[in-house]
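Residues per chain, in single letters:
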Amino acid sequence: MESSISKLRLDYLNTFNFLVKYKSFSETARILNKTQGTISMHIKELEHAFGGTNHKQLLIDRNSKNFQLTPEGFLLYSATQKIEEIINNVSKKIDESIGKKQKIIEIQSSSIPGEYILPAYILKYNSKHTNVMIEALISNSQEALRRMRESKSTFCAIGGWFGEFEADYDVKVIGKDTIVIIGREKHPIFDKLKKKGINCSRDDMINELKEYHWIFRESGSATLDWFMKHFPRSQEIQIGLKFHNNSSILHALENSDALTALSSFVVPSTVKNWALKVIKHKTLPIIERNLYLIKRKGIKLQDFEQKFWDLFNL
């Protein structure tokens, strides 16, 4: 009779191997966490695959009081050992092949660490690890934290915590930042402050600032969140617009009397390229913050990930 070998399944062979090893249907069922009925079905399917329905006892001598293979059963068992060895060798070779191929490190990041801190470290890392690709996915701090929770991203670079507990993460400080107030170069506030001179108090200063509309990044931006928490009387500030990127804010400032508060990392290019200016005054508070690279606490890193993490031993 023609064999039904096309119906053969590896899990049936695995069951057969365990059955030969433990010589017991009940013990095999326990080890494999299956029912005895399932174990019996697997063996019957094997017998059917190799010998058809006319050979119900092809592999196991069911007339024997003790567990005993038939000659055909010994042939199959010998073959399954070779199959298992072949599969293990192929699996090992595949693992080795994958190891030589490009690996990926995915980092969720807010804009400031993602654009101003991470690039230098990524370039330094890639100069030594050419088979590793690093993907930095830029959003804002709140969104980066959410994406890290919901994805398989290993790392996250942020400028604020947004209700997350620092104790839940392994944390490295990767930079320091100062938030500064910016307006267009010929903004009227500069003439007003010049006229007030040294007699300008903090309240006078804030009263002047709150007369103008402000433009910020969208809700979820750590820069906005940190500024509003630490700037005096921030609740009095008139927020006119919110944008999803810094360049949109800068365009708007260049053509209006609006003000903004941005990271000092953007200042060098901002002042030069956009005809903008930082508003400085001795009464203004210095608003500083840390920038962080984090990972879930206790997560075991692969060797190539650990080497990236170790770059930030500041």
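See the structure printed just above.
Values in this document were obtained by computation on a predicted structure and should not be read as measured data.

Visitor: For this particular structure, what's the right way to read the overall build of the chain?
Guide: Along the backbone of the chain there are 12 helices and 9 strands. For the chain, the C-alpha radius of gyration of 34 Å lies well beyond 20 Å, the compact-globule estimate for 314 residues. When its C-alpha atoms are laid out on the principal axes, the chain stretches across 110 × 40 × 35 Å. Counting every position in the chain, which comprises 314 residues, the buried fraction comes to 41%. Pairs at least 24 residues apart make up 74% of the contacts formed inside the chain by residues separated by at least 6 positions. Total accessible area computed for the chain in this model is approximately 17900 Å², and 52% of it derives from carbon and sulfur atoms.

Visitor: Sorry, what's going on with the pattern of salt bridges here?
Guide: Pairs can form between side chains of opposite charge whenever their charged atoms are close. In the structure shown here, the tally under the stated rule is 19 salt bridges. Ionic pairing is found between Arg146 and Glu150, a salt bridge with its closest N-O pair at 2.5 Å. Residue Arg146 and its partner Glu150 are located together in helix 6 (residues 141-150), separated by 4 residues, close to a single helical turn. Here Glu150 falls in the exposed class, since its relative accessible area comes to 58%. Between Lys192 and Glu208 there is a salt bridge, with its nearest N and O atoms 3.7 Å apart. On the criterion of sequence distance, the pair formed by Lys192 in helix 7 (residues 188-196) and Glu208 in helix 8 (residues 202-209) is long-range, its members being 16 residues apart. Take Lys192: its relative accessible area is 34%, and that puts it in the partly exposed class. Glu208 gets classed as buried once you look at its relative accessible area, which sits at 14%.

Visitor: What exactly am I supposed to notice about the side chain of Ser111 here?
Guide: By secondary structure assignment, the location of Ser111 is in helix 5 (residues 111-126). Among the residues examined, Ser111 registers a relative accessible area of 8% and is labelled buried. Not counting chain neighbours up to four residues away, the residues in contact with Ser111 comprise Tyr116, Ile138, Ser139, Arg217 and Asn246.

Visitor: How should I be thinking about helix 12 (residues 303-310) in this particular structure?
Guide: Along helix 12, the residues classified as buried are Phe304, Glu305, Phe308 and Trp309. End-on view of helix 12: buried residues confined to an arc of 140 degrees, all on one side of the axis. Tucked inside the fold, the buried residues of helix 12 contact strand 1 (103-110), helix 5, strand 2 (132-139), strand 3 (155-158), strand 4 (169-184) and strand 9 (287-296).

Visitor: Please clarify how a nonpolar patch on the surface should be interpreted in this entry.
Guide: Where nonpolar side chains cluster on the molecular surface, the patch consists of Leu10, Ile83 and Ile87 and spans about 250 Å² of accessible area. For Leu10, the position within the fold is in helix 1 (residues 10-22). Its relative accessible area of 56% is what places Leu10 among the exposed residues.

Visitor: Explain unusual backbone geometry here, please?
Guide: It is generally the case that most residues other than glycine have a negative phi and that most peptide bonds are trans. One non-glycine residue with positive phi stands out, namely Asn33, at about 55 degrees. Along the polypeptide, Asn33 turns up in the loop between helix 2 (25-32) and helix 3 (36-51). Despite not being glycine, Arg233 shows a phi value in the positive range, around 55 degrees. You can see Arg233 is positioned in the loop between helix 9 (222-230) and strand 6 (238-243).

Visitor: What should I look at first to understand the environment of Thr15 in this one?
Guide: Its location among the elements puts Thr15 in helix 1. Classification of Thr15 by relative accessible area gives buried; the value is 1%. For the pair formed by Thr15 and Ile198, sequence separation is 183 residues and the distance between their alpha carbons is 88 Å. Not counting residues up to four positions away in its chain, the partners in contact with Thr15 are Thr28, Leu32, Ile39, His42 and Ile43.

Visitor: When you look at the pairing of strand 9 in this model, what are you seeing that I'm missing?
Guide: The side chains of a regular strand alternate between the sheet's two faces. Burial analysis of strand 9 places 7 of its 10 residues in the buried class, the great majority of the element. As defined by bridge partners, strand 3 adjoins strand 9 across 3 bridges and the pair is classed as antiparallel. Of the residues in strand 9, the one forming a bridge with Ile158 is Tyr292. When strand 4 meets strand 9, the two strands line up antiparallel, connected through 10 bridges. For Asp177, the partnering residue across the bridge sits in strand 9 and is Arg289.

What counts and what doesn't
- Residues numbered from 1 in each chain as written.
- Predicted model: local features only at pLDDT ≥ 70, side-chain atom pairs only at ≥ 80, totals over all residues.
- Heavy atoms only, no water.
- Helix = DSSP H or I, 4+ residues; strand = E, 2+ residues; numbered from the N terminus.
- Rg over C-alpha atoms; globule rule 2.2 N^0.38 Å.
- Buried < 20%, exposed > 50% of the residue type's maximum accessible area, 1.4 Å probe, protein only.
- Contact = heavy atoms within 4.5 Å.
- Areas by Shrake-Rupley, 256 points an atom, 1.4 Å probe, with all protein chains shown as cover.
- Salt bridge = Lys/Arg side-chain N within 4 Å of Asp/Glu carboxyl O.
- Arc of directions from axis to C-beta.
- Patch = residues over 30% accessible without salt bridge, like charges linked within 9 Å, V, L, I, M, F, W, Y side chains within 5 Å.
- Pairing = 2+ DSSP bridges.

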